[in-house]
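Single-letter residue listing:
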Amino acid sequence: MLVVRLFCDQGISTSVLVTKMRKAAAKQGKEVDIAAFPTFEMEQRMDGVDCALLGPQVGYLKNKAAKLFEEKNVPLEVIPAEDYGLGNGEKVLELAEKLAKK
């Protein structure tokens, strides 16, 4: 099972993308655990995670967040603004799988 955590300002806008990612995974017959949280919860939400994604609006936090996630060997990337804006669940799921190498 692929475990992905998405982080944005409040964890709300990204929840729409989470739903689309889950639908894309179900369509492909893949088991996933995908959830969105506000950035201030990053430290509490990194255990057992295959990869983490930042919303483009908080991409400026990547360097700070990368240090936290490196300690747990969790790959981190910023979601491309186009995929985020279009709510392209398939593309973002692909990115997560590539990061997690699953």
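Residues numbered from 1 in each chain as written. Predicted model: local features only at pLDDT ≥ 70, side-chain atom pairs only at ≥ 80, totals over all residues. Heavy atoms only, no water.

Asks: Account for the overall build of the chain, naming residues and giving values.
Replies: On a plain count of helices and strands, the chain comes out with four helices and four strands. Radius of gyration (C-alpha) of the chain: 12 Å, near the 13 Å computed for a compact globule of 102 residues. Referenced to the eigenvectors of the C-alpha coordinate spread, the extents of the chain come out at roughly 35 × 25 × 20 Å. Buried positions account for 48% of the 102 residues belonging to the chain. Within the chain, contacts between residues at least 6 apart in sequence are counted, and of these 70% link residues at least 24 apart. (Helix = DSSP H or I, 4+ residues; strand = E, 2+ residues; numbered from the N terminus. Rg over C-alpha atoms; globule rule 2.2 N^0.38 Å. Buried < 20%, exposed > 50% of the residue type's maximum accessible area, 1.4 Å probe, protein only. Contact = heavy atoms within 4.5 Å.)

Asks: Give a description of helix α4 (residues 89-100) that names residues and reports values.
Replies: Taking 1.5 Å as the rise per residue, α4 with twelve residues should run 16 Å; its terminal C-alpha atoms sit 16 Å apart, in good agreement. Along α4, the residues that are buried comprise G89, V92, L93, L95, A96, E97, L99 and A100. In this structure, the buried side of α4 is in contact with β1 (2-8), α1 (13-27), β2 (32-38), β3 (51-54), β4 (76-78) and α3 (81-86). Looking one or two residues past α4, K101 carries a phi angle of roughly 55°, positive in sign. (Expected span 1.5 Å × (residues − 1).)

Asks: Please provide a residue-by-residue account of the pattern of salt bridges, values included.
Replies: Scanning the model with the defined rule gives five salt bridges in all. A salt bridge links K30 to E97; the shortest N-O distance between them is 2.7 Å. One end of the pair, K30, is in the loop between α1 and β2; the other, E97, is in helix α4, with 67 residues separating them in the sequence. For K30, a relative accessible area of 33% puts it in the partly exposed group. E77 is paired through a salt bridge with K62; the nearest N and O atoms lie 3.1 Å apart. You can see E77 sitting in strand β4 and its partner K62 sitting in helix α2 (residues 62-70), a full 15 residues away along the chain. (Salt bridge = Lys/Arg side-chain N within 4 Å of Asp/Glu carboxyl O.)

Asks: Before we move on, could you go through the packing of aromatic side chains and cite the residues and values that matter?
Replies: Aromatic ring pairs are described here by two measures, namely the spacing of the ring centres and the angle between the planes. Taken as a whole, this structure holds two aromatic pairs when the rule is applied. Taking the centre distance of 6.4 Å and the plane angle of 40° together, the rings of F7 and F37 count as tilted. A residue pair is termed long-range when its members are at least 10 positions apart, and F7 in strand β1 and F37 in strand β2 qualify at 30 residues. The pair formed by F7 and F37 is uniform in burial state, with each residue classed as buried. With a centroid separation of 6.0 Å and 50° between ring planes, the pair formed by F7 and F69 is classed as tilted. (Phe/Tyr/Trp six-rings, centres within 6.5 Å; stacked < 30°, edge-to-face > 60°.)

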